[in-house]
Amino acid sequence: MNKKLANWGNYPVIEGDEETFVFADQLDRLIEKEQPYIARGNGRCYGDASLAERTISTLKFDKILSFNIADGVFECQSGITLDQILAVIVPEGWFLPVTPGTKFITIGGALGSDVHGKNHHVDGSISNHVIEFDLVLESGEMILCSADNYPDLFEATLGGMGLTGVISRVKFRLKKIETSYIKQKQVKAKNLQELITLFDTYKDYTYSVAWIDCLKKGDGFGRSILLLGEHATINDLDEGKKADPLKMPGNKQITFPINMPWWVLNKLTVKAFNFLYYGKNFKKEINNVVSYEPFFYPLDKILHWNRLYGKKGFVQYQFVLPLDAKDGLIEIMHRISDEGLGSFLAVLKVFGKQESMISFPKEGYTLALDFPVRNGLLEFLDELDKIVLKYNGRLYMSKDARMKPETLQSGYPELDRFKSIIKKYNPQGKIRSAQSDRLLLTGTK
Ligand SMILES: Cc1cc2nc3c(=O)[nH]c(=O)nc-3n(C[C@H](O)[C@H](O)[C@H](O)COP(=O)(O)OP(=O)(O)OC[C@H]3O[C@@H](n4cnc5c(N)ncnc54)[C@H](O)[C@@H]3O)c2cc1C
């Protein structure tokens, strides 16, 4: 039964079918059908990567298969969410080795996008922690992939946006923690130059991310708050918290009920940022200990916050530029601020070195910014693409809903190798998404 399908940005919306499975043999039967398909996790990619006329949802395929508490090796079916995993591992003193800014994604989706977190410069992306996975090809054959077994398929699947097959089982390494708390430091930067210096000063911190005010002009251009963190040890906790150092955070959430005009969001974020920046208690620097939840997942508190962007939805634009391309960062931020089309806040992170075929991260600065969909936006983003490419950068496919095939080709030097691996293992071209067709990653239907 066709229904309207969209991912987190609510753009684009397509008519499609979502088929589910609970057991592996049911997945086999779905794959045997003639119609093309794409694997779908929790739809938290922003654009059209997990959209197609026929999607195979993994959400009901969500069992834990093994958890070695001594070694921190975790094995599960691909549809389990990070939220479900955290509930089991944190009380045992383990954490996700890498987590994006939401816990409402599946582990299959994490591999499909090869997600990164605030610790990329130290720990790399999720692919650096994967031991092996099972991948079901369009022929129905299941292949065990690891760095040594089918290495080409292993590499092309991590960040390959579901185009090599359906990941059904994942085994990966966790990170040891003493407590469920984060020792957090917040530092104010008065402009972009100062922020870049601060990133360098604090580069040994495991976690770092900055929220930048995109509207401020003149000397204050790029004023921001840099958020740094380390997993707290028992000694970092006050007596009250020491009694239960691995306590799970409470689960209070609010749901955003309706679609809002996008400018309401801008007003709200302006208020929130100003509150933090100018709040009377907010000195140049704040140090405190917080639960992991507000540190890693501040937005998850408000369910359906994407409705704040209204019915037409929004596009998240995320690019990475090499470390020496600071001028590019400034040029792009100036263009966005002059145009006044973007949301008020941008998120800046630093990536460390990463060698990979199709994954997004490469050493440099990555900036993410939301743009409500409205007239002129797509043309404007095409202009930004040119600047990104001029500075040898690239865009994140997991956030993309509109890039042109040439932009992808120029940003990813190993794209042709990726395409040849898709063809080798899936010669019939049955695995395809709205995005892969748009980006000419999959051949003609
Ligand atoms: C608030 C928010 C914050 C975010 N922060 C970050 C961040 O900090 N870093 C980051 O990297 N990303 C971030 N993201 C993006 C998100 O982590 C990725 O898009 C992730 O892939 C979504 O996973 P999902 O389970 O929702 O999968 P979907 O969105 O449904 O699918 C994503 C891709 O994975 C493929 N896929 C899904 N399941 C499988 C499977 N079993 N086998 C093969 N392929 C599969 C799909 O085909 C698709 O190409 C954020 C998203 C949101 C909404």
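Just above sits the structure.
What comes next concerns the included structure. (Residues numbered from 1 in each chain as written. Predicted model: local features only at pLDDT ≥ 70, side-chain atom pairs only at ≥ 80, totals over all residues. Heavy atoms only, no water.)

### Digging into the sheet that holds strand β16 (residues 285-291)
Inference 1: The eight strands lie next to each other as β16-β12-β14-β13-β19-β20-β18-β21, forming an open sheet whose pairing is antiparallel. The two strands at the open ends of the sheet, each matched to only one other strand, are β16 and β21 (394-395).
Inference 2: Bridge analysis of strand β18 (residues 314-321) against strand β20 (residues 364-372) gives eight bridges, and the strand direction is antiparallel. For Phe314, the partnering residue across the bridge sits in β20 and is Pro372. (Pairing = 2+ DSSP bridges. Helix = DSSP H or I, 4+ residues; strand = E, 2+ residues; numbered from the N terminus.)

### Describing the site of the ligand
Inference 1: Lining the immediate environment of the ligand, one finds 35 residues, of which Ala39, Thr106, Ser113, Tyr396 and Ser398 sit closest.
Inference 2: Within the contact set of the ligand, a nitrogen atom lies 2.8 Å away from a backbone nitrogen or oxygen of His116.
Inference 3: A distance of 3.0 Å is found between an oxygen atom of the ligand and a side-chain nitrogen or oxygen belonging to Lys349.
Inference 4: Contact with the protein chains removes 98% of the 960 Å² of surface that the ligand exposes when unbound.
Inference 5: At the level of secondary structure, the elements contributing two or more residues to the shell around the ligand comprise β3 (38-40), α3 (107-113) and β10 (166-173).
Inference 6: Sort the elements by how many residues they give to the shell around the ligand and α3 lands first, with four residues.
Inference 7: The residue makeup of the shell around the ligand, split by class, is 14 nonpolar, 17 polar and four charged. (Near = heavy atom within 4 Å. Polar contact = N/O pair within 3.5 Å; in protein donor to acceptor, adjacent residues only side chain to side chain. Areas by Shrake-Rupley, 256 points an atom, 1.4 Å probe, with all protein chains shown as cover. Nonpolar A, V, L, I, M, F, W, Y, C, P; charged D, E, K, R; others polar.)

### Section: helix α1 (residues 24-32)
Structural remark: α-helix, 3.6 residues per turn; residues separated by three or four positions point the same way.
Inference 1: Within the span of α1, buried status applies to Leu27, Leu30 and Ile31. The buried residues of α1 occupy an angular sector of 95 degrees when the element is viewed end-on, so they sit on one face.
Inference 2: Elements that come into contact with the buried residues of α1 comprise β2 (14-20), β4 (54-57), β8 (130-136) and β10. (Buried < 20%, exposed > 50% of the residue type's maximum accessible area, 1.4 Å probe, protein only. Arc of directions from axis to C-beta. Contact = heavy atoms within 4.5 Å.)

### Some remarks on the packing of aromatic side chains
Inference 1: If you walk through the whole model with that rule in mind, you get 20 aromatic pairs.
Inference 2: Judged by centre distance (6.0 Å) and plane angle (70 degrees), the ring pair of Tyr207 and Phe295 falls under edge-to-face. Of this pair, Tyr207 sits in strand β13 (residues 207-213) while Phe295 sits in helix α9 (residues 292-296), placing them 88 residues apart in sequence.
Inference 3: For Tyr207, a relative accessible area of 2% gives the class buried.
Inference 4: Taken together, a centroid distance of 4.6 Å and an interplanar angle of 10 degrees make the contact between Phe360 and Tyr396 stacked. Placement of the pair is Phe360 in the loop between β19 (345-351) and β20 and Tyr396 in the loop between β21 and α12 (405-411), with a sequence separation of 36 residues.
Inference 5: Taken together through their ring pairs, the aromatic side chains of Phe95, Tyr207, Tyr292, Phe295, Phe296 and Tyr297 make up a single cluster.
Inference 6: Its end group placed over the ring of Phe295, Lys118 keeps NZ or CZ at 5.7 Å from the ring centre.
Inference 7: Positioned over the ring face of Tyr412 is Arg394, at 4.5 Å from the centre of the ring. (Phe/Tyr/Trp six-rings, centres within 6.5 Å; stacked < 30°, edge-to-face > 60°. Lys NZ or Arg CZ within 6 Å of the ring centre and 35° of its normal.)

### Topic: the nonpolar core
Buried together is how nonpolar side chains tend to be arranged in soluble globular proteins.
Inference 1: Core analysis: the biggest nonpolar cluster contains 116 residues, and Ile89, Ile107, Phe133 and Phe371 have the highest contact counts within it.
Inference 2: Among the elements that take part in this core, helix α11 (residues 377-390) stands out by supplying six residues, more than any other.
Inference 3: Membership of the second largest hydrophobic core comes to six residues, among which are Trp8, Leu308, Tyr309 and Phe314. (Core = buried A, V, L, I, M, F, W, Y, C linked by side-chain atoms within 4.5 Å.)

### Quick look at unusual backbone geometry
Inference 1: Each neighbour pair has its own omega, and for Tyr11 with Pro12 the value is -5 degrees, a cis peptide bond.
Inference 2: With respect to the helices and strands, Pro12 occurs in the loop between β1 (3-5) and β2.
Inference 3: We note that Asn10 has phi near 55 degrees; this positive angle belongs to a residue other than glycine.
Inference 4: By the secondary structure assignment, Asn10 is in the loop between β1 and β2.
Inference 5: For Asn392, which is not a glycine, the phi torsion comes out positive at approximately 65 degrees.
Inference 6: Taking relative accessible area as the criterion, Asn392 reaches 51% and is therefore assigned exposed.

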